[in-house]
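Chain by chain, the residues:
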Amino acid sequence: MSGIIQLLPDHVANQIAAGEVVQRPASVVKELMENAVDAGATEIKLIVKDAGKTLIQVIDNGRGMGVTDARLCFERHATSKIRHAEDLFSLHTKGFRGEALASIAAVAHVELKTRQEQDELGTHLVIEGSKFTHQDVAVLPRGTSFSIKNLFFNIPARRNFLKSDTVEFRHIVDDFERVAMAHANISFMLYHNGSEMFNLPAGNMRQRIVGVFGGKTNEKLVPVNETTEIVTINGFVTKPEFAKKNRGEQFFFVNNRFIKSPYLHHAVMAAYEGLLKDGSQPAYYLYLDVPPHSIDINIHPTKTEIKFDDEHALYAILRSAIKHSLGQFNIAPVLDFDRDANLDTPYDYESKSATMPTVEVDRNYNPFADDSPGGGFSSSFSSSGGGRSLGGSVSSKASSGGFSIPSFKKETQPSWESLYVGTSPSNEEIAEISFESEEVTGSLFNDAEVEDTTVYKTYQIHKKYIVSPIRSGMVIIDQKRAHQRILYEQFLRNITVQQAPSQQLLFPLVLYFTPAEMALVKEMEPSLESTGFVFAEMHSDHIVVNGLPVNVAESEVSILLEEMINDLQQEVPENSFSLSDRLAKSMARSLAVKTGTMLTEKEQETMVNSLFACKEPDVSPFNKPTFITMSVEDLDKRFAL
């Protein structure tokens, strides 16, 4: 019997490896940008079309490759990063597996242009599905240019699993930001569908963070610096008042490599203990430098997970460093409640010595000198309680002495009654004035028309459910889901049929966003204006709002837009038919009355009536039941048990 085990062909093995390495277009962006960094580039340009499904191009000015290296780099396990197994514990580069380019070439059309500085001509390669179709020499600038076209062209099933362009581009931006923030000394640019999204010049750490997340980020940052034998920590955390509900801007970099670590995240949250609201998440940008032999990177193909030798010590150092920074910059409260912060000695004055203060004295100043001593002398006595008798004795002595004091006469001020002279009305005028009757005897409704509505009174249970009697029994309504259904149909009607009214703000509201978030806001602008938003200006990093929907408070605008942007980035819910539908669902979820809110009888009645006036009152916008009914027969059966 012949054997059934056989070696897989190289192109099949590469496609299998691509399932781990190349999960989506963002994976290609990450691998190519990290290769450009390893090549010593000082300027990296990323060009993307259709969220990477049509084109991903990375251009750098690094060392470039020769003819042999250009052909060999697409082979499996071919790399210039390591030579021996021991090199895995002394890594100073991003890549080391030698699988990325081979996996990318197996599932896409790849075009490579590269030239080394000492060569006059460069190399031009074209690969389609692991097959070399073209190779020649060309006049090229120094560096390397990778063009990845038609990703997953030979694996239609993988291409169908890709999300929408909005979601895929968000993942590309995430990986672009991670590489750009890890290397502030390199210039990065990102272009999507012909428009510039990022242009980040080389600078320091703070400048790169501000360039990626907008100028408003600068005032939120608190620097963190700690140097120990185990780890050196640099970076920034944000002030507690700028914490958000989502976990967007949270970055750990270990030896300039982005990682995900729930354990270290817990250390950061422990440092913020007592400073954050429930459910709030601080942003942080922390760079950890550790000895390469103390970490193991080779545990996952994406290299975003790392094992540390001494995690407990790292946890304690990170927690104490952040806690110290928050306290040093007066972010964390102190126990001395009577302390005056104005009396604290600034850090700049620690090394300065104390000096004797100088006192200036005006020796020519005479407090008793006056131009008219007589007038002042007389007025002071006359203003006292015994001015009349004392003034007389003084004047007699003064007359014998040869000088006289002028007499002082106190003028009487008119009384307050004089203000109302001539304003009292006469009795004839009062008699002609007619007043409304104090007792209202009429009624707006006839007694016969007023029905007894006590039978249909609603009740609220545990600030969560509304119970209303019906003819067959009773209906129990979930107030949160019911309000979501009401608002969803209202917003959808405003976006698609008729524009909702808007309430104008007395002072414009300025909101700041990152460049990636601003792109989504501009995409949502027409639909938001239909719901009642009025935008005065839209800039690259902020918007100016002049008007709001009637049922949106000014304090809720920032939270509402952040949640809507987060929903669009995550494409929640994914079964939405259009952008308008997603916006209506997101706004309904954000503005719906929360569980635990006390409702008045009028509000309960309005919610019940509005729910059953909806087109689909039985389910929420997220396909969850809004109410259940219990008939009298069901109750009778329960009591019969």
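If you're wondering where the values come from, they're calculated on a predicted model, not measured in any experiment. (Residues numbered from 1 in each chain as written. Predicted model: local features only at pLDDT ≥ 70, side-chain atom pairs only at ≥ 80, totals over all residues. Heavy atoms only, no water.)

Quick look at the overall build of the chain now. For the chain, the helix and strand inventory stands at 18 helices and 22 strands. Counting all 641 residues of the chain, 40% fall into the buried class. Relative to all contacts within the chain whose residues are 6 or more apart in sequence, the contacts with residues 24 or more apart total 68%. For the chain, the accessible surface area stands at approximately 38500 Å², while carbon and sulfur atoms represent 52% of it. (Helix = DSSP H or I, 4+ residues; strand = E, 2+ residues; numbered from the N terminus. Buried < 20%, exposed > 50% of the residue type's maximum accessible area, 1.4 Å probe, protein only. Contact = heavy atoms within 4.5 Å. Areas by Shrake-Rupley, 256 points an atom, 1.4 Å probe, with all protein chains shown as cover.)

Leu46, Phe74, Ile148, Met181, Phe188, Leu190 and Tyr285 are the most contacted members of the largest nonpolar core, which totals 63 residues. Top contributing element to this core by residue count: helix H6 (residues 165-182), with eight residues. Among all residues touching Tyr285, those that are not within four sequence positions of it are Met181, Ile209, Phe213, Thr217, Leu221, Asn234, Gly235, Phe236, Thr238, Glu249 and Phe251. If you look at the next biggest cluster of nonpolar residues, it comprises 32 residues, including Leu487, Leu505, Phe513 and Leu591. (Core = buried A, V, L, I, M, F, W, Y, C linked by side-chain atoms within 4.5 Å.)

The next subject is the sheet that holds strand E5 (residues 131-138). One open sheet accounts for eight strands, arranged E5-E4-E3-E6-E2-E1-E7-E8; its pairing is mixed. Only two strands of the sheet have a single neighbouring strand rather than two, namely E5 and strand E8 (195-200). The sheet shows a mean angle of 10° between the axes of neighbouring strands, taken without regard to direction. Lying over the sheet, helix H2 (residues 25-38) contacts strand E1 (43-49), strand E2 (55-60), strand E6 (143-149) and strand E7 (187-192), oriented at roughly 10° with respect to E2. Lying on the sheet, helix H7 (residues 205-213) is in contact with E7 and E8; it crosses E8 at an angle near 165°. (Pairing = 2+ DSSP bridges. Axes fitted to C-alpha atoms, helices over the stretch in contact; angles between N-to-C directions.)

Here we have four strands laid out as an open sheet, ordered E16-E17-E18-E22, and antiparallel in their pairing. Two strands close off the open sheet at either side, each with one partner strand: strand E16 (459-461) and strand E22 (627-631). Within the sheet, the average angular offset between the axes of one strand and its neighbour, ignoring direction, is 25°. Direction of pairing for strand E18 (residues 473-478) relative to E22: antiparallel, over a ladder of five bridges. The residue bridging Met474 from the neighbouring strand is Met630, located in E22. Against the sheet, helix H13 (residues 479-496) touches E16, strand E17 (465-470) and E18, its axis set at about 75° to E18.

Glancing now at helix H17 (residues 601-611). A turn of α-helix holds 3.6 residues, and therefore any two residues three or four places apart point the same way. Buried within H17 are the following residues: Gln604, Met607, Val608 and Leu611. The buried residues of H17 all sit within an arc of 95° when viewed along its axis, so they share a single face. Opposite the packed face of H17, turned more than 90 degrees from it, sit the exposed residues Lys602 and Asn609. Packing partners of the buried residues in H17 comprise E16, E17, E18, H13 and E22. (Arc of directions from axis to C-beta.)

In this section: the pairing of strand E3 (residues 109-115). Most of E3 sits inside the fold, with five of its seven residues counted as buried. Two strands pair when backbone bridges link them, and E3 and strand E4 (residues 122-128) are joined in this way by six bridges, in the antiparallel orientation. By the bridge assignment for E4, Glu111 is matched with Val126. Linking E3 back to E4 in an antiparallel pair, the connection comprises six residues. Taken together, the seven bridges between E3 and E6 define a ladder with antiparallel strand orientation. Bridged to Leu112 within E6 is Phe146.

Turning to the packing of H6 against H7, a few remarks are in order. Between H6 and H7, the shortest axis-to-axis distance is 9 Å and the interhelical angle comes to 160°. Regarding the angle of H6 to H7, the classification is roughly antiparallel. Here H6 and H7 pass one another in a crossing that is right-handed. Across the interface between the two elements, Glu177, Ala180 and Met181 of H6 pack against Arg208, Ile209, Val212 and Phe213 of H7. (Parallel < 35°, antiparallel > 145°, perpendicular 65-115°, else oblique. Left-handed = near helix turned anticlockwise from the far one by under 90°.)

Where H7 is concerned, the buried positions are Arg208, Ile209, Val210, Val212 and Phe213. At the N-terminal end of H7, a side-chain oxygen is found 3.3 Å from the backbone nitrogen of Arg206, two or three residues along, and the residue is Asn204. A positive backbone phi angle near 100° is found at Gly214, which sits one or two residues after H7. (Polar contact = N/O pair within 3.5 Å; in protein donor to acceptor, adjacent residues only side chain to side chain.)

Our focus in this paragraph is the pattern of salt bridges. As enumerated under the stated definition, the model contains 14 salt bridges in all. Here the salt bridges do not stand alone but share partners, grouping Glu111, Lys113 and Lys149 into one network. (Salt bridge = Lys/Arg side-chain N within 4 Å of Asp/Glu carboxyl O.)

A residue-level look at the chain finds 75% of positions with pLDDT of 70 or above and a mean pLDDT of 79. Contacts from residues 373-408, a stretch scored under 50 in pLDDT, to residues over four places away or in other chains number ten contacts. Note that residues 441-454 has pLDDT below 50 and, in this model, one contact with residues that lie over four places away or in other chains. (pLDDT = per-residue confidence, 0-100.)

Moving on to the environment of Ala51. As for its position among the elements, Ala51 is in the loop between E1 and E2. For Ala51, a relative accessible area of 0% translates into the label buried. Placed 115 residues apart in sequence, Ala51 and Thr166 show a C-alpha to C-alpha distance of 7.4 Å. Sequence-distant contacts of Ala51, that is, excluding residues within four places in its chain, are made with Pro25, Asp165, Glu168, Phe169, Ile172 and His192.

Where E16 lies against E17, three bridges are found, and the strand directions are antiparallel. Bridging from a neighbouring strand, Ile461 pairs with Tyr465 of E17. Here E16 folds back onto E17, and the loop between the two strands holds three residues, one of which, His462, carries a positive phi near 55°. Sheet topology places E17 next to E18; six bridges connect them, and they run antiparallel. Bridged to Ile470 within E18 is Gly473.

Another aspect to go through is a nonpolar patch on the surface. The grouping of Leu121, Val137 and Val139 at the surface amounts to a nonpolar patch, some 320 Å² of accessible area in total. In this structure, Val137 sits in strand E5. (Patch = residues over 30% accessible without salt bridge, like charges linked within 9 Å, V, L, I, M, F, W, Y side chains within 5 Å.)

This part is about the packing of H13 against H17. Look at H13 against H17: their axes get within 9 Å of each other, and the N-to-C directions meet at 55°. Considered as vectors, H13 and H17 are oriented oblique to each other. Crossing of H13 over H17 shows left-handed handedness. Where H13 abuts H17, its residues Gln479, Ala482, His483, Arg485 and Ile486 lie against Met607, Ser610 and Leu611. Its residues placed into classes, the contact of H13 with H17 shows four nonpolar, three polar and one charged. (Nonpolar A, V, L, I, M, F, W, Y, C, P; charged D, E, K, R; others polar.)

Under the defined criterion, the tally for this structure stands at 15 aromatic pairs. On the numbers, 6.2 Å between centres and 70° between planes, the contact of Phe74 with Phe146 is edge-to-face. Taken together, the residues Phe74 in the loop between helix H3 (67-72) and helix H4 (100-106) and Phe146 in strand E6 connect sequence positions 72 residues apart. Judged by relative accessible area, Phe146 falls into the buried class, the value being 7%. (Phe/Tyr/Trp six-rings, centres within 6.5 Å; stacked < 30°, edge-to-face > 60°.)

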